[in-house]
There are 2 protein chains.
Amino acid sequence: MYQLNAFNPQQFLQQHWQKQPLLIRGGFPGFVDLLDEHDLAGLAQEPDIDARIVSRNGNNWQVAQGPFDDFAPHCHGQWSLLVQGVDLYLDEATELLNAFNFIPRWRIDDLMVSYSVPGAGVGPHLDQYDVFIIQGKGRRHWQVGNKGQYAEHRPHPMLGQVEPFEPIIDAILEPGDILYIPPGFPHCGEAIEPSLNYSVGFRAPNQQDLLSSLADFALQQEGLTQRYQDPDLKSRPLSGEVLGSEVERIQELLQASLQGPAFTQWLGSFLSRGPQEESIEDAEVALDEVFEYLQNGNALQRRLDFKGIWLESDSPQVQLHLGELNI
Amino acid sequence: MYQLNAFNPQQFLQQHWQKQPLLIRGGFPGFVDLLDEHDLAGLAQEPDIDARIVSRNGNNWQVAQGPFDDFAPHCHGQWSLLVQGVDLYLDEATELLNAFNFIPRWRIDDLMVSYSVPGAGVGPHLDQYDVFIIQGKGRRHWQVGNKGQYAEHRPHPMLGQVEPFEPIIDAILEPGDILYIPPGFPHCGEAIEPSLNYSVGFRAPNQQDLLSSLADFALQQEGLTQRYQDPDLKSRPLSGEVLGSEVERIQELLQASLQGPAFTQWLGSFLSRGPQEESIEDAEVALDEVFEYLQNGNALQRRLDFKGIWLESDSPQVQLHLGELNI
Ligand SMILES: O=C(O)CCC(=O)C(=O)O
Ligand SMILES: O=C(O)CCC(=O)C(=O)O
Ligand SMILES: [Co+2]
Ligand SMILES: [Co+2]
């Protein structure tokens with residue numbers, strides 16, 4: 001069990017969440033690593049894994065995209081191995097993520113784990129998402145700058161960095177220390193000793209993400225097929241004109257797709273799904289078999305690639321969303 | 001010039017448009033065909049054309065999808081050649097479509113032309129869109145049934161038909177006669193003599209069409225990148241719960257994408273674009289060259305694959321939409 005120490009969630013939410021970075025010294029006292037660098041290298045060989053090796057020789061930055069068969073060609077100079085979505089492979093990751101349950105589960109994206117040799121890091125950069133970076137074994141020098149406009153550049157096509165920044169947090173993280181960084185605050189970590197870092201990453205969809213997922217969903221089912229109608233059509237002097245009332249009718253059709261059962265079903269499946277976009281296989285058991293199983297006092301285990309979430313509701317029946325599966 | 005005769009647009013819109021089928025006898029007196037069957041076969045060889053040959057031998061229906069190099073293998077028994085989007089290839093089609101200017105241009109989809117040998121037709125079927133079917137040369141027997149629930153079947157994977165229906169219109173069309181059919185009314189045409197038929201087809205997007213086009217547009221540009229934010233995040237007893245206020249915030253993000261300049265730009269480009277989905281090549285002239293050209297009294301010619309439309313506006317400046325091009 002991972003439990004936060006010396007930490008007040010309410011105060012954190014009020015003063016820091018999405019607002020200000022925070023260093024939590026000894027956040028996990030006696031922190032026990034979830035894995036070691038050999039396990040991490042093993043995960044980086046998994047066929048569907050999102051893994052990268054970022055290496056630096058002086059000013060020469062290289063990025064290799066996994067999965068990896070052979071690490072040797074990429075591990076030159078100062079290098080880090082970064083593996084996304086470790087929570088999909090490691091049961092214990094759920095326990096670490098549970099320590100952050102004061103933030104709703106749907107906001108959590110994934111657990112990223114990095115291993116860095118001394119001197120290594122991905123360089124100064126900005127992210128669009130909140131992150132808690134937990135120091136595992138080793139010590140690492142972290143700096144965080146203030147939110148602002150920073151010129152961006154790409155020392156490698158797959159690596160975005162910003163210019164050096166004035167740190168507002170400048171600390172050497174020890175095992176169990178936690179650094180919280182809101183979106184848009186530049187940060188940079190450089191390992192002093194061989195280091196494991198755990199990034200609890202958050203998810204905040206933008207309009208593009210929402211629209212394209214909703215559109216994909218709409219195309220797959222029959223709930224969003226209301227068609228434009230104008231039995232009250234009015235002529236106009238020039239046929240090229242689109243009347244304001246027609247624009248409004250199109251807006252209404254789109255607005256109608258943002259509510260109702262089809263919208264709720266999409267939203268539940270969207271928010272419960274992890275970063276991976278594959279869909280769950282068809283359930284092999286009937287729903288009443290599941291109920292019987294539960295009524296006999298048995299417990300279900302969550303598939304690691306779906307969050308179990310439900311939408312707040314006044315009705316005594318709630319629908320549990322697990323990707324495409326809605327119970 | 002094609003001009004409707006014995007036809008009252010206001011009365012048509014009130015009593016028929018999207019409501020009731022109508023036979024307009026002598027709608028185009030002395031109708032002159034836009035092309036003949038040899039021209040149509042020529043179009044059916046064009047690389048990007050959407051053309052089909054539907055043929056029938058007793059109860060055996062076949063459908064071949066063009067473009068066609070060789071017609072002979074498909075023209076057995078009673079056969080029709082149907083070519084969509086003829087307005088993209090034939091300047092004169094614009095003049096025929098202009099006769100329907102009492103309906104706004106953005107509602108028009110395309111001009112389909114069919115050639116049928118005696119006895120031929122695509123069988124009884126329903127469409128989701130309004131259509132005016134103009135009889136060109138030859139005579140054809142048309143029947144239209146009432147709107148209702150009709151069992152659908154597919155005598156060929158590419159051919160949807162309905163069961164036989166009780167006709168409410170039953171007529172032999174002569175050159176220049178026009179049949180208007182609203183969505184959902186079953187209809188069936190059977191040529192008596194070798195026949196050309198011109199279908200002015202309409203377009204009525206449904207929620208799926210709108211959402212997927214808007215999402216494609218959103219992904220291509222920077223106007224719809226507002227991201228979910230919750231600096232006021234509230235904890236909850238069970239982290240799996242998604243609060244109603246969070247659902248509302250997501251709805252608001254989506255709703256915000258249904259108004260404003262980015263939405264207007266999308267809508268203009270969506271409504272001005274024809275059924276083909278390719279985008280216009282980059283304009284090769286600068287905008288001020290265009291203005292100078294126009295100020296010198298020259299006229300622009302519309303590219304056949306885009307409608308020129310504009311949205312009603314109180315401002316003295318209107319934006320003309322031509323697919324991706326907005327002037
Ligand atoms: O572990 C690292 O080196 C990078 C961590 C980081 O920058 C992040 O998670 O945002
Ligand atoms: O021309 C034909 O045979 C088919 C016409 C038709 O059914 C239509 O345009 O909806
Ligand atoms: Co970062
Ligand atoms: Co039809």
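Anything mentioned here points back to the structure above.
The numbering scheme is per chain: residues are counted from 1 as the chain's sequence reads. Note on labels: chains are lettered from A, ligands numbered from 1, in written order. It should be noted that, the model being predicted, local features are given only for residues of pLDDT at least 70 and side-chain atom pairs only at 80 or more, the latter also being counted only at that level, while totals for whole chains, interfaces and linings use all residues. Side-chain numbers here rest on the full set of heavy atoms in the structure, without hydrogens or water.

**Some words on helix α3 (residues 91-98) of chain A**
Residue and element names in this part refer to chain A. Looking only at α3, the buried set comprises Ala93, Thr94, Leu96 and Leu97. All buried residues of α3 project into a common sector of 165 degrees when viewed along the axis, lining one side. For α3, the elements touching its buried residues are β5 (108-116), β6 (131-135) and β13 (195-202). For every residue, the accessible area obtained with a 1.4 Å probe (protein chains only) is divided by the maximum for its type, and the residue is called buried under 20%, exposed over 50%, and partly exposed between those limits. Helix and strand labels come from DSSP, where a helix needs a run of H or I of at least four residues and a strand needs a run of E of at least two; each type is numbered from the N terminus. In this description, one arc is meant: the one made by directions from the helix axis to the C-beta atoms. Whether two residues touch is decided by their heavy atoms; if any such pair falls within 4.5 Å, the residues are in contact.

**Details of the coordination of the cobalt ion (ligand 3)**
Residue and element names in this part refer to chain A. Donor atoms (N, O, S) are those found within 2.8 Å of the metal centre, with the cutoff raised to 3.2 Å for Na, K and Ca; water is not part of the atom list, so apparent gaps in a site can occur. The coordination sphere of the cobalt ion (ligand 3), as far as protein atoms go, consists of His125 (NE2), Asp127 (OD) and His187 (NE2), spread over 2.1 Å. Of note, the donors binding the cobalt ion (ligand 3) are all from one chain and are spaced H-x1-D-x59-H. Of this pair, Asp127 sits in the loop between β5 and β6 while His187 sits in strand β12 (residues 187-191), placing them 60 residues apart in sequence. Here Asp127 falls in the partly exposed class, since its relative accessible area comes to 29%.

**Regarding the relation of the copies chain B and chain A**
Superposition of the copies was done by least squares, using only C-alpha atoms of residues whose pLDDT is at least 70 in both. Superposing chain B onto chain A requires a rotation of 180 degrees together with a translation of 0.0 Å along the rotation axis, leaving an RMSD of 0.1 Å. As the rotation angle and translation indicate, the two copies are arranged about a two-fold axis. Comparing contact sets, 100% of the residues at the interface of chain B also lie at the interface in chain A, consistent with an isologous, same-surface contact.

**A look at the site of ligand 2**
All names here are of chain B. Around ligand 2, the surrounding shell consists of Leu82, Met112, Ser114, His125, Asp127, Val131, Ile133, Arg140, Trp142, His187, Asn197 and Ser199. By the criterion applied in these results, polar contacts are pairs of N or O atoms within 3.5 Å in which, for protein atoms, one can donate a hydrogen and the other can accept it, and in which residues neighboring in sequence qualify only through two side-chain atoms. Contact between ligand 2 and Ser114: an oxygen atom at 2.7 Å from a side-chain N or O atom of the residue. The separation between an oxygen atom of ligand 2 and a polar side-chain atom of His187 is 3.2 Å. Isolated, ligand 2 exposes 300 Å² of accessible area, and the fraction of that covered by the protein chains is 93%. Of all the elements in the fold, those that place two or more residues in the shell around ligand 2 are β5 (108-116), β6 (131-135), β7 (140-145) and β13 (195-202). Here the nonpolar group is Ala, Val, Leu, Ile, Met, Phe, Trp, Tyr, Cys and Pro; Asp, Glu, Lys and Arg are the charged ones; every other residue, Gly included, is treated as polar. Of the residues in the shell around ligand 2, the class split is 5 nonpolar, 5 polar and 2 charged. Any residue with a heavy atom positioned within 4 Å of a molecule or strand is treated as near that molecule or strand. For the area figures, the Shrake-Rupley method with a 1.4 Å probe applies, and any residue is considered shielded solely by the protein chains shown.

**Examining the coordination of the cobalt ion (ligand 4)**
All names here are of chain B. Every protein donor of the cobalt ion (ligand 4) is listed here as His125 (NE2), Asp127 (OD) and His187 (NE2), and their distances to the metal cover 2.0 to 2.1 Å. Along the chain, the residues donating to the cobalt ion (ligand 4) fall in the pattern H-x1-D-x59-H. In this pair, His125 sits in the loop between β5 and β6 while His187 sits in strand β12 (residues 187-191), placing the two residues 62 residues apart along the sequence. Per residue, the accessibility class of His125 equals that of His187, and both read buried.

**Thoughts on the site of ligand 1**
All names here are of chain A. Inspection of the region around ligand 1 gives Leu82, Met112, Ser114, His125, Asp127, Val131, Ile133, Arg140, Trp142, His187, Asn197 and Ser199 as its neighbouring residues. Measuring from an oxygen atom of ligand 1, one finds a side-chain N or O atom of Arg140 at 3.0 Å. Taking 300 Å² as the accessible area of ligand 1 by itself, protein coverage stands at 94%. Looking at the shell around ligand 1, the elements that each hand over two or more residues are β5, β6, β7 (140-145) and β13.

**Concerning the interface of chain B and chain A**
With 68 residues of chain B in contact, the opposing surface of chain A contributes 68 residues. Of the roughly 6300 Å² buried between chain B and chain A on both sides combined, carbon and sulfur atoms contribute 60%. A simple way to read buried area is as the amount of 1.4 Å-probe accessible surface that goes missing from two parts once joined, with both sides added. Of all residues in chain B, Gln207, Leu211 and Arg227 of chain B give up the largest surface area on contact with chain A, accounting jointly for 13% of the area buried on that side. Put simply, a salt bridge is a Lys or Arg side-chain nitrogen that is within 4 Å of an Asp or Glu carboxyl oxygen. The interface formed by chain B and chain A holds 4 salt bridges in total. Between Asp230 of chain B and Arg107 of chain A there is a salt bridge, with the nearest N and O atoms lying 2.8 Å from each other. There are 44 residue pairs in polar contact (both at pLDDT 80 or more) connecting chain B and chain A. Of all elements in the fold, only α1 (9-15), α4 (207-220), β14 (241-242), α5 (244-256), α6 (261-272) and β15 (309-311) of chain B reach the threshold of two or more residues within the side of chain B that touches chain A.

These figures come from the coordinates and say nothing about function on their own.
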